[in-house]
Amino acid sequence: MRKYIMSLIILSLVFMLTSTNSFAYANGQKNECIKCHTLNKEQAKSIMTDMIPDIKVLTVEQAPVSGLWEIGFESGGRKNILYIDYSFSYVFAGNVFSAKTKTNLTEQSFLKINKVDISQIPLKNTLLMGEKNAKHKIFVFDDTD
């Protein structure tokens, strides 16, 4: 319930920040903001370092909401998503949902940065069951400790 309330608060703030009355768009074009506003990984790291000292910025992309940057980052061995506004004054943590499709857009980005490249899994000393060249494979991990 607490996460739901926080998500609603964040969505309300995002809506207020992205309304046409709150932002002056370059050349009057809402979709042209990216031409005037830039953010790279180093800048994002410098903004976030005071809040998250061990931050490693993985991705910086324009968020699905105008006026915000989506930052994929790693800290303490965990990957997550944050949002920074174009003025670099506000940082948002939480989920962004599409009102039309009812999908969690933050979750999609979260899954993208946390995707496992199975070609990087060491298969030495593994037990193979079934067909070696099967179309679908299942990996089972066990910690003997």
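Criteria and thresholds
- Residues numbered from 1 in each chain as written.
- Predicted model: local features only at pLDDT ≥ 70, side-chain atom pairs only at ≥ 80, totals over all residues.
- Heavy atoms only, no water.
- 1 Å grid on protein atoms, 1.4 Å probe; cavity = no way out; pocket = protein on both sides within 12 Å on 5 of 7 lines; lining within 4 Å.
- Points joined across faces, edges and corners; volume = space filled by probe spheres on them.
- Helix = DSSP H or I, 4+ residues; strand = E, 2+ residues; numbered from the N terminus.
- Buried < 20%, exposed > 50% of the residue type's maximum accessible area, 1.4 Å probe, protein only.
- Core = buried A, V, L, I, M, F, W, Y, C linked by side-chain atoms within 4.5 Å.
- Contact = heavy atoms within 4.5 Å.

Quick look at empty space enclosed by the protein
One simple way to see leftover space: roll a probe sized like a water molecule over the atoms. For the structure on display, the rule yields one cavity of 30 Å³ or more. Its volume calculated, the largest cavity comes out at about 30 Å³. Considering the residues around the largest cavity, the lining is formed by Thr-59, Glu-61, Glu-70, Ile-81, Ser-109, Lys-112 and Ile-113. Taken together, the elements giving at least two residues each to the lining of the largest cavity come down to β1 (56-62) and α4 (105-113). Here the element with the most residues in the lining of the largest cavity is α4; it accounts for three residues.

A closer look at unusual backbone geometry
Positive phi values are uncommon outside glycine, yet Phe-88 reaches one of about 60°. Note that Phe-88 resides in the loop between β3 (78-85) and β4 (91-92). Classification of Phe-88 by relative accessible area gives partly exposed; the value is 35%. Residue Lys-102 is not a glycine yet carries a positive backbone phi of 60°. When you line up the elements, Lys-102 lands in the loop between β4 and α4.

Some remarks on the nonpolar core
Core analysis: the biggest nonpolar cluster contains 12 residues, these being Leu-39, Ala-44, Met-48, Ile-52, Ile-55, Val-57, Trp-69, Ile-71, Phe-73, Leu-82, Ile-84 and Tyr-86. At the level of secondary structure, the elements contributing two or more residues to this core comprise α3 (41-48), β2 (68-75) and β3. In contact with Ile-84, not counting residues within four places along its chain, are Leu-39, Ile-47, Met-48, Gly-67, Leu-68, Trp-69, Ile-71, Tyr-90 and Val-91. One finds Val-65, Leu-68, Tyr-83 and Phe-92 within the second-largest nonpolar core, a separate group that totals eight residues.

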